[in-house]
Structures are given as structure tokens and as C-alpha cells.
Amino acid sequence: MKKTFIAASAAVLLAVGSGAYYLVAHSNNAAPMATYVLLDGSQKSTADFKGRVTLVNFWATSCTTCVAEMPKIIATYDKYHAQGFDTLAVAMAYDPPSYVVNYAQTRKLPFQVAIDNTGAAATAWGPVQLTPTTFLVNKRGEIVKRFIGEPDFAELHRMIEKLLAEA
């Protein structure tokens, strides 16, 4: 009995470990309602995503993986934006706003950047505790995929293309 339990536990740990980079969400998994304060002081809400395939990326300027993946997120945005794809980069509450503004300006981020100064957005989406954590949302406002860590961008592009082709 004990050996079976240990083997089953090991199998679960291996399965969880191998799937730690993303979790598949089901079609009834609506993106949480949240409001985001953008760098220009304007607000955006989750409802604004409807009708567009959207990548919501929780990141921090102090996160080396976040900084390393940002050029790929920019390239993804540039490649698909004209087809109905959008990106929202949400800086974590612990990230100093001046760092986020400086990063967004010096890197010329082409998409909207929000500062989650209260942590409410990160709580609504998870809670999101690790960065980067990225969500792919379909045109109906449903979470299709959650990536923890840098996504496999080839896989992400295939998914975006499929979602953009949907009615």
C-alpha cells in the first residue's frame, strides 16, 4: 500500500512538474472582471478585451525572465495586432511605477501597460504570484491558456492563429 501511494505521489509530482509552464483552461473559464490603470492614467477593463484575442502578461522589471521574453511579446504583438490581437502588460504591485514607466518608454512597448498598484488584478486572475504569468484570452473573453514562465512562442503563435480564425 505504501509503495503504491509513493508511486502515485511521484507520478502526480512528475505530471505537475512537467505541466508547470501552462495550464489548459476550459472554454467556460471567463477572464475575471478587473480594471487596469494604464501608464497614461486612463483605465481599461477586462470587458474591453471582447472581440479581440488578447494576451495578458503579468510581469515585473526585476524579473529576468520577464525582461528576456519582452522582445518576443513585442514581436508577437507586431505580427498579429492588425488581425485583431491585443496585448496588455500588467506590472506587479511591488514594481516601482517609475521603473515600469522607464522600461516601457525606453523599450518603446507598442502595447498597453498597466500598473497593478493595489494587487487587485493579480488577485483576480489567480492569484498571480509568479512572474511572468501570461494568459491567452479568446474573442469571447474566455481564458484559453495560462503560462507560468516564458511561453513556447511557436506554440503560442499557433494558438493565436487558431483563435484569430474563429468567428
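Calculation notes
- Residues numbered from 1 in each chain as written.
- Predicted model: local features only at pLDDT ≥ 70, side-chain atom pairs only at ≥ 80, totals over all residues.
- Heavy atoms only, no water.
- Disulfide = S-S within 2.5 Å.
- Buried < 20%, exposed > 50% of the residue type's maximum accessible area, 1.4 Å probe, protein only.
- Axes fitted to C-alpha atoms, helices over the stretch in contact; angles between N-to-C directions.
- Helix = DSSP H or I, 4+ residues; strand = E, 2+ residues; numbered from the N terminus.
- Parallel < 35°, antiparallel > 145°, perpendicular 65-115°, else oblique.
- Left-handed = near helix turned anticlockwise from the far one by under 90°.
- Contact = heavy atoms within 4.5 Å.
- Nonpolar A, V, L, I, M, F, W, Y, C, P; charged D, E, K, R; others polar.
- Lys, Arg positive; Asp, Glu negative; His and termini not counted.
- Salt bridge = Lys/Arg side-chain N within 4 Å of Asp/Glu carboxyl O.
- Polar contact = N/O pair within 3.5 Å; in protein donor to acceptor, adjacent residues only side chain to side chain.
- Pairing = 2+ DSSP bridges.
- Right-handed = clockwise from strand over helix to strand, strands pointing away.
- Phe/Tyr/Trp six-rings, centres within 6.5 Å; stacked < 30°, edge-to-face > 60°.

Draft legend 1. Seen up close, the state of the cysteines. By the definition in use, this model includes one disulfide. Shown here is the disulfide that connects Cys 63 with Cys 66, its sulfur atoms set 2.4 Å apart. Here Cys 63 and Cys 66 share a disulfide; its torsion about the S-S bond, 80 degrees, makes the bridge right-handed. For the pair Cys 63 and Cys 66, one class covers both residues: buried.

Draft legend 2. Expanded view of the packing of helix α2 (residues 64-80) against helix α5 (residues 153-165). Two elements in contact, α2 and α5, have axes whose closest approach is 12 Å; the angle formed by their N-to-C orientations is 25 degrees. The orientation of α2 with respect to α5, classified from their angle, is roughly parallel. Crossing geometry of α2 relative to α5 is assigned as right-handed. Contacts between α2 and α5 involve Glu 69, Lys 72, Ile 73, Thr 76, Lys 79 and Tyr 80 on the former and, on the latter, Phe 153, His 157, Ile 160, Glu 161 and Leu 164. A breakdown of the residues in the contact of α2 with α5 according to their chemical character gives five nonpolar, two polar and four charged.

Draft legend 3. Broad picture of the side chain of Asp 116. Within the secondary structure, Asp 116 is located in the loop between β6 (112-115) and α4 (120-124). In this structure Asp 116 is buried but unpaired, with Arg 146 as the nearest side chain of opposite charge at 13 Å. Within the structure, the side chain of Asp 116 is placed 3.1 Å from the backbone nitrogen of Ala 121, a separation counted as a polar contact. Look past the residues within four positions of Asp 116 in its chain and what remains in contact with it is Phe 58, Val 90, Ala 91, Met 92, Ala 93, Ala 121 and Ala 122.

Draft legend 4. Focus on the pairing of β6. Looking at chain direction, strand β5 (residues 85-91) and β6 are connected through four bridges and run parallel. Residue Leu 88 lies in a different strand from β6, and its bridge partner there is Gln 112. What joins β5 to β6 is helix α3 (residues 97-106), and the crossover it makes is right-handed.

Draft legend 5. Structural context of the packing of aromatic side chains. For the structure shown, the criterion picks out seven aromatic pairs. Measuring from centroid to centroid gives 6.2 Å for Tyr 80 and Phe 85, while their planes differ by 75 degrees, and the two rings are edge-to-face. As far as burial versus exposure is concerned, Tyr 80 and Phe 85 are alike and both buried. Taken together, the ring pairs connect Phe 58, Trp 125 and Phe 135 into an aromatic cluster.

Draft legend 6. Highlighting the pattern of salt bridges. With the rule as written, the count across this model stands at five salt bridges. Measuring nitrogen to oxygen at the nearest pair gives 2.6 Å for the salt bridge that ties Lys 72 to Glu 150. Note that Lys 72 is positioned in helix α2 and Glu 150 in the loop between β8 (143-148) and α5, a separation of 78 residues in sequence. When its relative accessible area of 38% is taken as the criterion, Lys 72 is described as partly exposed. When salt bridges with common partners are traced through the structure, they connect Arg 140, Glu 142 and Glu 166 into a single cluster.

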